[in-house]
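The lines below spell out each chain.
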Amino acid sequence: MRAQVVIIGGGPSGLLLSQLLLRRGIDTVVLERKTRDYVLGRIRAGVLETGMVSLMRKAGIADRMDREGIIHESTVLSFDDQEFSINFTEHTGTHVMIYGQTEVTRDLYDAREAAGGRIIYNVENVVINDADTDKPFVTFDVGGATQQIDCDFVAGCDGFHGVSRRTIPHGVRREYEKVYPFGWLGILSETPPVNDELIYANSARGFALCSMRNANLSRYYVQCQLEDTPDDWSDQRFWDELRSRIPEKYADTLITGPSIEKSIAPLRSFVTEPMRWGRLFLCGDAAHIVPPTGAKGLNTAASDVHYLYHGLMQYYEEADPEGIDRYSERALARVWKAERFSWWMTTLLHRFPDQTAFDLKIQRADLEFLRANREAQSVLAQNYVGLPY
Ligand SMILES: Cc1cc2nc3c(=O)[nH]c(=O)nc-3n(C[C@H](O)[C@H](O)[C@H](O)COP(=O)(O)OP(=O)(O)OC[C@H]3O[C@@H](n4cnc5c(N)ncnc54)[C@H](O)[C@@H]3O)c2cc1C
């Protein structure tokens, strides 16, 4: 087999990149370790930045998002029983879109399949060969046979545990990491959201987030211990804990129901540099992870896709390598700002096991400043809706 670009990973980064390239006549093959249903079963991000929304439109897959997505012009932050709202539109002229990662991925799979794009599922033992030469190739096993695809470029969109990042030699790769001493327990329930806006809650019992997917599907999270498992958390225990962490007016009106999904995610900040090695480019979670507090994971993956897509277009349509040569530098400049914002939101809103009385006072002062200061709110709003590409 041959393709201009082999894309490893059929998550949102890989699918979006392949769909954008397909529309410019650039031929790709996507290699996915799992099945389509498995990928669609992963409940993850739900807040789309303006840039991600524009990319979905550019990729020709925005019809359902534009019909069913919910525009959010503001968000609520609370501490103890106090709350304030930050209006994104007032500060930035734009907003975010509530539309689940599962739906984004479903739309991308449907579009790829309708256009006859090549996706190979259930691949194993993917190896990226000769990425530091002009003739890279990828080998993998599928259905008991080994296959090879020759290509011009490889896009490593295979998430944090994939092979792409590890293909870059140790001597070239630099990694930066911060692991947080807690996780997020998330549940999905077929109940109306407690509020029209998201609620980010800092409480003495720890962080909570009230989020949503649609008018009858809510996504709620509470900060939990790293060693907890979903079995430790009955639905009743979850709802009681959530109620204790949000302002009384929301706790009193919260509608509860059985969870239809319950999972725990550890929180981590991670960046690898560079994001390019020869003809291999890393995209999305393969190169960086953020704690989900700022809703930046999927959105930062999308900004990588934007830079790589433009670089590849410039290469194929204008025979100009400038865009691919500067891919790593451009992507990382934005990645680090998303890392900073996600780290700051996490620090502002969570309880840390080693927090002293002094640390708590500083956190409180930070929240009070944010509540009272228009410029501070504007900084949060700019970062939340997404910095420009
Ligand atoms: C539990 C959880 C909750 C999250 N919540 C949020 C949130 O609220 N907001 C937010 O913005 N972000 C959130 N994120 C982050 C967001 O989901 C990711 O940033 C996003 O999925 C990145 O997309 P990706 O395509 O780069 O990677 P992934 O979605 O990880 O996709 C990578 C794909 O590559 C495949 N793959 C892996 N290894 C191989 C291999 N060797 N060969 C072939 N295929 C391979 C995987 O099966 C997968 O389908 C969350 C993440 C998790 C884990």
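All values reported here derive from a predicted model rather than from experimental measurement. The numbers attached to residues start from 1 for each chain and follow its sequence in the written order. Reporting in this predicted model follows two pLDDT cut-offs: at least 70 for local features of residues, and 80 or more for side-chain atom pairs to be given and counted; totals over whole chains, interfaces and linings ignore these cut-offs and use all residues. Side-chain numbers here rest on the full set of heavy atoms in the structure, without hydrogens or water.

1. Description of the sheet that holds strand 6 (residues 82–87)
Strand pairing in a sheet is mediated by backbone hydrogen bonds. Such pairs are either parallel or antiparallel. The condition that has to hold: Paired strands, as defined in this entry, are two strands with at least two bridges between them according to DSSP. Put simply, DSSP marks the helices as runs of H or I at least four residues long and the strands as runs of E at least two long, and each gets a number from the N terminus on. Here, two residues are considered to be in contact whenever any of their heavy atoms come within 4.5 Å of each other. The axes used here are C-alpha line fits, helices contributing only the stretch in contact, and every angle between their N-to-C directions lies in the interval 0 to 180 degrees.
Pairing is mixed across the open sheet formed by 8 strands, whose spatial order is 6-5-13-14-15-12-16-19. The sheet is open, and its two edges are formed by strand 6 and strand 19 (288–289), each paired on a single side. Sheet analysis places strand 5 (residues 74–79) next to strand 13 (residues 198–202), joined by 5 bridges and oriented parallel. Residue pairing in the sheet places Thr 75 in a bridge with Leu 198 of strand 13. This element, helix 8 (residues 235–245), spans strand 12 (174–189), strand 13, strand 14 (208–214), strand 15 (217–224) and strand 16 (259–273) of the sheet and lies at about 80° to strand 15. Across the sheet, helix 12 (residues 327–349) touches strand 5, strand 12, strand 13, strand 16 and strand 19, and the angle it forms with strand 16 is around 130°.

2. Some points on the site of the ligand
This is how it is decided: Working definition: residue near molecule or strand if any one of its non-hydrogen atoms lies within 4 Å of it. Polar contact criterion, stated in full: a pair of N or O atoms within 3.5 Å, where within protein one must be able to donate a hydrogen and the other to accept it, and residues adjacent in sequence count only if both atoms are side-chain atoms. Per-residue and other accessible areas were derived by the Shrake-Rupley procedure at a 1.4 Å probe size, with only the shown protein chains allowed to occlude residues. Polar here means any residue other than Ala, Val, Leu, Ile, Met, Phe, Trp, Tyr, Cys and Pro, which are nonpolar, and Asp, Glu, Lys and Arg, which are charged; Gly is therefore polar.
By nearness alone, 28 residues border the ligand, and Ser 13, Glu 32, Arg 42, Gln 101 and Asp 285 come closest of all. At 3.3 Å from an oxygen atom of the ligand is found a main-chain nitrogen or oxygen belonging to Pro 12. For the ligand, an oxygen atom lies 2.5 Å from a polar atom in the side chain of Ser 13. Taking 990 Å² as the accessible area of the ligand by itself, protein coverage stands at 87%. For the shell around the ligand, the elements supplying multiple residues, two or more each, are helix 1 (12–22) and helix 10 (297–318). Class assignment for the residues of the shell around the ligand results in 12 nonpolar, 8 polar and 8 charged.

3. Observations concerning the sheet that holds strand 3 (residues 47–48)
The strand order across the open sheet built from 3 strands is 3-7-4, with neighbouring strands paired in antiparallel fashion. Of all strands in the sheet, those bounded by a partner on one side alone are strand 3 and strand 4 (70–72).

4. What to know about the UniProt feature "domain: FAD-binding" (unreviewed entry) in the chain
Cut-off, in case you're wondering: UniProt positions are given in the numbering used here, feature names are shortened, and annotations may be inferred rather than shown by experiment.
UniProt's entry tags residues 3–342 with the feature "domain: FAD-binding" (unreviewed entry), counted in the numbering of this structure. This span, residues 3–342, is 33% helix and 34% strand, and a straight line between its end C-alpha atoms measures 36 Å.

5. Comments concerning the pattern of salt bridges
The criterion, for reference: What counts as a salt bridge is simple: a side-chain nitrogen of Lys or Arg found within 4 Å of a carboxyl oxygen of Asp or Glu. For each residue, the accessible area found with a 1.4 Å probe, counting protein chains only, is set against the maximum for its type, and the residue is called buried under 20%, exposed over 50%, and partly exposed in between.
Counted under the stated rule, the structure contains 31 salt bridges. Linking Asp 107 and Arg 64 is a salt bridge whose minimum nitrogen-to-oxygen distance equals 2.9 Å. A residue pair is termed long-range when its members are at least 10 positions apart, and Asp 107 in helix 6 (residues 101–114) and Arg 64 in helix 4 (residues 63–68) qualify at 43 residues. According to the relative accessible area criterion, Arg 64 is buried, its value standing at 19%. Across the salt bridge formed by Arg 330 and Glu 322, the nearest N and O atoms sit 2.8 Å from each other.

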